Structure formats: structure tokens, C-alpha cells
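Chain by chain, the residues run as shown.
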Amino acid sequence: MTAVAADRITSAAHARAAATSLAAEFAVEAARRDRARELPYREVDRLSASGLLAITVPAEFGGADLPPSQVAEVLRVLAAADPNIAQIPHSHFVYLNLLRLAGTRRQQELYFERVLAGGRIANAQSERGGATVAEVNTTLIPQADGHFRVDGVKYYCTGSLFADVLAVLTRLDDPAHRGDLAPGEYIVFLPATTAGVRVIDDWNGIGQRTTGSGTVSLSGVDVARDQLVPRAGAVRAPKGFGSYAQLLHVAIDAGIARGALDAAAEFVRTRSRPWFEAGVDRAVDDPLLIQRFGELAVAVTIAETTLDAAGRAVDRAITGPDAAADASIAVATAKITADRAANEVTSALFEVSGTRSAAADLNLDRFWRNARTHTLHDPVRWKYQHIGRAVLTGTPPPLHGVI
């Protein structure tokens, strides 16, 4: 359990103020942390202590019960300052939502209480070697005592190095010893200190270097029945589980785009020289630079606007019937615009800032590396497919948790 005394966030305004304050604090050393690959343990503790990681805990369990749109805004603000820190709690919020949708009352009481006290959840779901990324080979093996054994290796486990609890994606094929459990996929809520669990700091991506996205090794791990939550209870329910998760990815991309635009503008104001043909004394008065900044600002504003619209659509999906498909399409649209803005603006940062901006000690390339890495989570080409089918034939997007 994280040894952090956590504050209680009580409203959306309170959450935004806390996020804005922390973002200003985190931005100061963001470039240095990235350059040195210094994991932000202190900063993640500050995030826990702020109470922001508990903002989705339902009111009946003592939380602020904030909607997805407000969680997305918190992550967007943090991502503009340091997208590594913003990505760390992504799966934390996703699996709190899974508990809300599919957990038992006892599971909800247990984990919501831990989160209110500053606890952190991270994912352990991706595997290598399967035919597709959706294939799950980590199985629950029934034991004679009614427990299960889990063996396997999970990769890209964002936030795992900072987590108290790991949400491990598994598959149950043989329910013979537990007839009340149907075959299918289950999330195991596993304390990170459980015997047989090893979290390895081996993430070596070009971007998002300090997200703690290590490998989780599971060897002879003992799992009790009450640690299992059926994934289908959330994914297959028309309650926006997938769109919620995707919305938070969009928020990170939109935040990266805004952070890069702000950094470029500051560089041009304070360090760039005008091109001699512009006939001006300051770079900020170069009409071609002004034009380009206008174009980039429009791209970022579109990303933020579609993010806001998508957030409101997901808010409706988690509370009302028949809104899940609309939410997925809205989020897919936002994902496309944020992906485009993040990659364009982070690259254009050098175009508008000039040769000086390429100095390695400035580490301005971190914006592009972070954008390029984070936007690889799921391909936008499939977002276009789902949007196109919805427009042409009214076909709703699938319920698989990634749209």
C-alpha cells in the first residue's frame, strides 16, 4: 500500500485546480527527467497525495464520482506538462471503471477504499507471441483448494513500477473446480508484492521513457476467487468502457500537442532569430511564422474541441441507455484529430523554431518522441473504418474495449 496521506477532491473545479498546480510543478524538471530517464517516483507520490487518483471513486464509497470528461481534462492538463506522468494513471482509471461496472460489492469496497487512501493500480495485460495483440495466453489454472495458479509474462505494463495493485489480464478455460465461473477473460487484482510477481524496469521506447512501462513476470502466483473480475462484465456492457479508456488516450495526445505548441511559441519569442528575407527585427514578427503558428494553433484547438465533445459523449454513455455507440464514434473522431495534431505540432516545433531548437541539451525532441510513441497504442486507420461504417450503414462499432 502506498505510504501517502491523500487529500480528498470534492468537485470538478477542485480537480482542475489541483491538476493545474501539479502540472506547473511537474513541468519544471520534465525535460531533465526525460533526458536522464529518471523515473518520477516523487512526482507520482505527489499525484497520489493530491487526491486526483481517487476522483472517479463513486460517491457512495466516499469519492468525488467525477465523470469521464473531467478525468480526461485532468490528464490533458498533466500531459501538456509531462505526458509520462499523465500516462502512468491511465490504466488506474480504466480498472477503477471496470470495478464499478463488473466488481462485486466487496471488491468495490476494498479497492475504492485503498485508492482513496492513495493506492495505485497499473495494468499487466499485453503479451507477445500471439497471433494478434488481443490474444491472451496467461491462463487461470484451477487448484484443489479452490484457488488458481497463474504463470506468464506481460509487457508494456504502464505504471507497474509505481503500483500497489496490478490488474492482470488472464483467461479461464477450465472452470471444473469452480462451477460458478464461466470460461472467459478475467482481470486479477494482484498486490504488486505477491509472491511470484516480479516487476522489471526494462521499457526502452524512444518516447514516454519514464512511464514505468516495464515487464511483469508471474511465476506460480496464487490467486483467490475474490481477486477475479470478469472482463466481459465491463467490455460487453453498453456502458462506454472502451470509449472511456480511449478518451483518456486522446487526452494525453491533445495535451502533448498543447505542450509542444506552448514550447515552440516560447522558444520563438525568446531565442529564435528572424529569417533575413522577412525584413523584421524579431522572429515573432515574421509573417510566415505567424501564419504557421496560426495553422498549428487551429490543429491543437480542433483536437481539444473534439476531445471535449467526446468527453461529454462518454459521460452520457456511462449514465444513460443507447449512448455507447455514439460515444465510441465521438472518441474515434477525437482520437484521429489528436493523433494528427500531436504528431504534426511536435514535428513542426523544429520547423518554426530553427536550428537552435535541435540542440540535444534542450531535449525538445521529447515532444515528438512522446507523441510518436503514445499514438501507437491503437491505429487510427481503424477509427476511420468504424466511423465510415456508422455513416454509410448505421453499423455500430464493436464492443471490444478499444473503441
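Residues numbered from 1 in each chain as written. Predicted model: local features only at pLDDT ≥ 70, side-chain atom pairs only at ≥ 80, totals over all residues. Heavy atoms only, no water.

**Concerning the overall build of the chain**
Point 1. The helix and strand inventory of the chain stands at 13 helices and eight strands.
Point 2. With 403 residues in all, the chain has 56% of them scored as buried.
Point 3. Looking at the chain alone, contacts between residues at least 24 apart form 77% of all its contacts between residues at least 6 apart.
Point 4. Averaging the locations of the 42 positively and 45 negatively charged side chains of the chain gives two centres separated by 1 Å. (Helix = DSSP H or I, 4+ residues; strand = E, 2+ residues; numbered from the N terminus. Buried < 20%, exposed > 50% of the residue type's maximum accessible area, 1.4 Å probe, protein only. Contact = heavy atoms within 4.5 Å. Lys, Arg positive; Asp, Glu negative; His and termini not counted. Charge placed at Lys NZ, Arg CZ, Asp CG, Glu CD.)

**Some points on the nonpolar core**
Point 1. Core analysis: the largest hydrophobic core is formed by 67 residues, its most contacted members being Leu52, Ile55, Leu78 and Phe293.
Point 2. Among the elements of the structure, α1 (12–27), α4 (68–81), α5 (83–87), α9 (241–270), α10 (287–319), α11 (324–353) and α12 (365–374) are those that each provide at least two residues to this core.
Point 3. For this core, the element with the highest residue contribution is α9, accounting for 15 residues.
Point 4. Ranked by size, the runner-up nonpolar core spans 25 residues in total, among them Leu116, Ile121, Ala167 and Leu169. (Core = buried A, V, L, I, M, F, W, Y, C linked by side-chain atoms within 4.5 Å.)

**Here we look at the packing of aromatic side chains**
Point 1. Scanning the model with the defined rule gives six aromatic pairs in all.
Point 2. Residues tyrosine 111 and phenylalanine 189 carry aromatic rings whose centres are separated by 5.0 Å and whose planes lie at 40° to one another, so their mutual orientation is tilted. With tyrosine 111 in helix α7 (residues 105–116) and phenylalanine 189 in strand β5 (residues 184–191), the pair connects residues that are 78 residues apart, well separated along the chain. Both residues of the pair, tyrosine 111 and phenylalanine 189, count as buried.
Point 3. Pairing tyrosine 156 with tryptophan 203 gives two aromatic rings, centres 6.2 Å apart and planes at 90°, and the pair type is edge-to-face. Of this pair, tyrosine 156 sits in strand β3 (residues 148–157) while tryptophan 203 sits in the loop between β6 (197–200) and β7 (214–223), and the two are 47 residues apart along the sequence. (Phe/Tyr/Trp six-rings, centres within 6.5 Å; stacked < 30°, edge-to-face > 60°.)

Functional significance is not addressed by these values, which are geometric in nature.
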